[in-house]
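Commentary on secondary and tertiary structure
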Amino acid sequence: MHCDTVWRNARLLTMIPGASPIADGLVAARDGRIVFAGPAADVPAFESAQVVDCQRRWITPALIDAHTHLVHAGNRAREFELRLEGASYEEIARKGGGILSTMRATRAASEEELVASALPRLDALLGEGVGTIEIKSGYGLDLASELKMLRAARRLGDLRSVRVVTTFLGAHALPPEFTGNPDGYIDLVCGEMIPAVAAEGLADAVDGFCEGIGFSAAQIGRVFDAAKAHGLPVKLHAEQLSNLGGATLAARYGALSADHLEHLDEAGVAAMASAGTVAMLLPGAYYFCREAQLPPIVALRAAGVPIALATDCNPGTSPLTSLLLAMNMGATCFRLTVAECLAGNTINAARALGLEAECGSLEAGKSCDLAIWDIEEPAELVYRMGARPLHARIWRGI
Ligand code: DI6
Ligand code: FE
């Protein structure tokens, strides 16, 4: 076996479902892909240009943050203060704050400014071992500004060694030009924005916000029809603040994921289970908004719905740039197990992006995206708050 790099003397958490940790493991890479990951005793004879002694550190797949609004301008610290004084998220949104205040700042920013302001957030995530990140549009809400956001997101992937997956979220909020005319805005999303985004190859999926302060299930259904017509997979912000049946709708369209889900009901759980739609839980938003309603974890588990976790990094409801803290919140707020939290940021997150053949586990054939940790046991990744346990991050073998 010819390799470019071998990492030896490591403990491995492959994240292959059902696999045990490997006490004396080795990962070998060639041309950026894993050619072997397993017990050192099983490795075939190899020659390698470089051999790294990991000194018994743990190696996991690089982490995956599969739901973010990383690209945006401005911040909403003032709204945070208003909420501390008693205003609700929905009240602020209805008064033209909320998503629309970020829309104004994002429209005013250049593509370069969007990239520059997102880079520190991206770097914080990379410093925790993230190798793949999903980034949504949705703060432009007109064609030019949505395209600008998606270009900024793609540009981030050129500037750093990270896989950037983009999602068009035109149906995030109603822009002021369409006040009183949500269906007119959905016409624009379906008739102009999705075709333009698809023609430029700027989005890997289409998302929407199915909520009283967002769009109805019927409106989202039209967006999904347009996405499908352009060969784009879908996902949905569903059942965060109320139950509009968004998850069931998403499942009907074979959605990659349904996200948030605090108000998901049994029918929604069953629909997701039969469609194989991932439950993308966002504990940062739950925590930051001081939600009272927990997502139906026990029912999701019982139905075998794969559970993923992400930061939901956004200026309004989850100004969070730590995926490790999202894991801790998944455990403390949602009572997820350590194994569920780890799978939620690796293998199940890969599935939520349709990338399960590419990343999310240490398996021959996948991209060699590794996180090498200074920890004694994997539970520490979930247990600690504010720790910086990353020793090294490898992306595509480098
Ligand atoms: N749900 C969320 O949590 C974010 N978007 C969404 O649809 C919040 C976006 C914001 O408040 O800026
Ligand atoms: Fe979100």
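Data block above holds the structure.
These numbers were taken from a predicted model, which means no experiment stands behind them. Every chain is numbered independently, its residues counted from 1 as its sequence is written. Chain A is the first chain written and ligand 1 is the first ligand written, with later ones labelled in order. For this predicted model, a pLDDT threshold of at least 70 governs which residues receive local features, and a threshold of 80 or more governs which side-chain atom pairs are given and counted, while totals over whole chains, interfaces and linings are taken from all residues. Water and hydrogen atoms were dropped before computing side-chain values, which therefore reflect all heavy atoms in the structure.

**Some thoughts on the overall build of the chain**
The cut-off we apply is this: By the criteria applied, helices consist of DSSP H or I runs no shorter than four residues and strands consist of E runs no shorter than two, each listed in order from the N terminus. Our radius of gyration is a C-alpha quantity, and the globule rule it is checked against amounts to 2.2 Å times the number of residues to the power 0.38. Buried, partly exposed and exposed residues are distinguished by accessible area as a fraction of the type maximum, computed with a 1.4 Å probe on protein chains only: under 20%, between the cut-offs, and over 50%, respectively. All tallies of charge rest on Lys and Arg as positive and Asp and Glu as negative; His and the ends of each chain are not included. Charged side chains are reduced to one point each, which is NZ for Lys, CZ for Arg, CG for Asp and CD for Glu.
Summing up its helical and strand segments, the chain has 15 helices and 15 strands in all. Taking 2.2 N^0.38 as the reference for a compact globule, 398 residues should give roughly 21 Å; the C-alpha atoms of the chain span a radius of gyration of 21 Å, in line with that estimate. Projected onto the principal axes, the alpha-carbon positions of the chain cover approximately 70 × 40 × 40 Å. The 398 residues of the chain split such that 59% are buried. When the 34 basic and 46 acidic side-chain charges of the chain are each reduced to a single mean position, those positions are 2 Å apart.

**Considering the coordination of the iron ion (ligand 2)**
For clarity, the cut-off: Counted as donors are N, O and S atoms no farther than 2.8 Å from the metal, or 3.2 Å for Na, K and Ca; water is not among the atoms, and sites may therefore look incomplete. Geometry is assigned from the angles between donors: four donors with all angles from 85 to 135 degrees make a tetrahedral site, four or six donors whose opposite pairs exceed 155 degrees while the rest stay between 65 and 115 make square planar or octahedral sites respectively, and everything else is labelled irregular.
Summarising the metal site, the iron ion (ligand 2) is bound by the protein donors H67 (NE2), H69 (NE2), H237 (NE2) and D312 (OD), whose distances to it range over 2.1 to 2.3 Å. Around the iron ion (ligand 2), the four donor atoms are arranged such that angles at the metal cover 81 to 166°; this shape is classified as irregular. Mapping the donors of the iron ion (ligand 2) onto the primary sequence yields the spacing H-x1-H-x167-H-x74-D. Of this pair, H67 sits in the loop between strand 6 (63-65) and helix 1 (77-84) while D312 sits in the loop between strand 13 (307-309) and helix 12 (323-334), and the two are 245 residues apart along the sequence. An identical accessibility class is assigned to H67 and D312; each is buried.

**What about the pattern of salt bridges?**
Convention followed: The rule for a salt bridge is simple: a side-chain nitrogen of Lys or Arg has to be within 4 Å of a carboxyl oxygen of Asp or Glu.
Following the criterion strictly, the structure yields 22 salt bridges and no others. With a shortest N-O distance of 2.8 Å, D369 and R163 are connected by a salt bridge. Here the residue D369 occupies a position in the loop between helix 14 (347-352) and strand 14 (370-373), and R163 occupies one in strand 8 (residues 163-171), the gap between them amounting to 206 residues. Each of the two residues, D369 as well as R163, counts as buried. By sharing partners, the salt bridges in this structure join R33, R163, E358 and D369 into a single network.

**Regarding the layout of surface pockets**
Quick note on the threshold: Method remark: on a 1 Å grid restricted to protein atoms, a set of points is classed as a cavity if a 1.4 Å probe fits but cannot get out and as a pocket if it is open with protein on both sides within 12 Å along at least five of seven lines; lining residues have an atom within 4 Å of a point. Grid points are joined across faces, edges and corners, and a volume is the space filled by probe spheres set on the points. Charged means Asp, Glu, Lys or Arg here, nonpolar means Ala, Val, Leu, Ile, Met, Phe, Trp, Tyr, Cys or Pro, and polar covers whatever is left, Gly included.
Considered as a void within the structure, the largest pocket measures approximately 380 Å³ in volume. What lines the largest pocket is a set of 22 residues, and nearest its centre among them are A93, R94, L100, L174 and I213. If you list the elements that add at least two residues to the lining of the largest pocket, you get helix 2 (89-94) and helix 3 (99-108). If you tally residues by element for the lining of the largest pocket, the top one is helix 2, at three residues. Class assignment for the residues of the lining of the largest pocket results in 12 nonpolar, eight polar and two charged.

**Regarding the environment of A285**
What counts is decided by this rule: Contact between two residues is taken to exist if any of their heavy atoms lie within 4.5 Å; hydrogens are not considered.
If you trace the backbone, A285 turns up in helix 10 (residues 283-288). Between the C-alpha atoms of A285 and A205, which are 80 residues apart in sequence, the distance is 22 Å. Excluding anything up to four places from it in sequence, A285 contacts Q240, H260, E291, D312, T317 and S318.

**Some thoughts on helix 12**
For clarity, the threshold we go by: In a helix, the anticipated span is given by 1.5 Å times the number of residues less one. Distance and chemistry together define a polar contact, namely a pair of N or O atoms within 3.5 Å, with one atom able to donate a hydrogen and the other to accept it when in protein, and with adjacent residues in sequence counting only for side-chain atoms on both sides.
When the terminal C-alpha atoms of helix 12 are compared, their 15 Å separation across 12 residues agrees well with the 16 Å that a helix rising 1.5 Å per residue should span. The buried fraction of helix 12 is high, at nine of 12 residues. Every buried residue of helix 12 is accounted for by L323, L324, A326, M327, N328, M329, G330, A331 and F334. The opening residue of helix 12, the one whose side-chain oxygen lies 3.5 Å from the backbone nitrogen of L324, is S322. Directly after helix 12, the chain includes R335, whose backbone phi takes a positive value near 60°.

**Notes on the site of ligand 1**
Counted only if it meets this: Proximity criterion: a residue is near a molecule or strand once any of its heavy atoms comes within 4 Å of it. Occupancy of a cavity or pocket is assigned to a molecule whenever over half of its atoms lie within 2 Å of that pocket's grid points.
Surrounding ligand 1, one finds 14 residues, the nearest of these being R76, Y89, Y139, H172 and T317. In this structure, H260 approaches ligand 1 through a side-chain N or O atom, which is 3.4 Å from an oxygen atom. Judged by the proximity of its atoms to the pocket grid, ligand 1 belongs to the largest cavity. Taken together, the residues of the shell around ligand 1 break down into four nonpolar, eight polar and two charged.

**Quick notes on the packing of helix 6 (residues 182-199) against helix 7 (residues 217-229)**
To keep things clear, this is the line we draw: Think of each axis as a best-fit line through the C-alpha atoms, taken over the contacting stretch in the case of a helix, with angles from 0 to 180 degrees between the N-to-C directions. The labels follow the angle: roughly parallel below 35 degrees, roughly antiparallel above 145, roughly perpendicular from 65 to 115, and oblique for the rest.
Axis separation between helix 6 and helix 7 bottoms out at 9 Å; the angle between their running directions is 10°. Relative to helix 7, the element helix 6 is oriented roughly parallel. On helix 7, the residues that touch P182, D183, I186, D187, V189, C190 and I194 of helix 6 are Q219, R222, V223, A226 and A227. The residue makeup of the contact of helix 6 with helix 7, split by class, is eight nonpolar, one polar and three charged.

**What about the pairing of strand 8?**
How we decide: Strands pair, by our definition, only if DSSP identifies at least two bridges between them. Orienting the strands away from the viewer, one traces the path from the first strand over the helix to the second; a clockwise path indicates a right-handed crossover.
For strand 8, the tally of buried residues reaches nine of nine residues, placing the bulk of the element in the interior. Sheet analysis places strand 7 (residues 130-136) next to strand 8, joined by five bridges and oriented parallel. Within the sheet, the bridge partner assigned to I133 lies in strand 8 and is V164. Traced from strand 8 through helix 6 to strand 9 (residues 205-210), the parallel crossover comes out right-handed.

**What to know about the sheet that holds strand 11 (residues 257-260)**
Either a parallel or an antiparallel arrangement is found when strands of a sheet pair, and the pairing is made through backbone hydrogen bonds. Taken in spatial order, the eight strands make up an open sheet running 6-7-8-9-10-11-12-13, and their pairing is parallel. Either end of the sheet is taken by a strand with one partner, and the two such strands are strand 6 and strand 13. Recorded for the sheet is a direction-independent mean angle of 25° between the axes of neighbouring strands. As defined by bridge partners, strand 11 adjoins strand 12 (residues 278-281) across three bridges and the pair is classed as parallel. By the bridge assignment for strand 12, A258 is matched with A279. Helix 12 contacts strand 6, strand 7, strand 12 and strand 13 of the sheet and is inclined by roughly 80° relative to strand 6.

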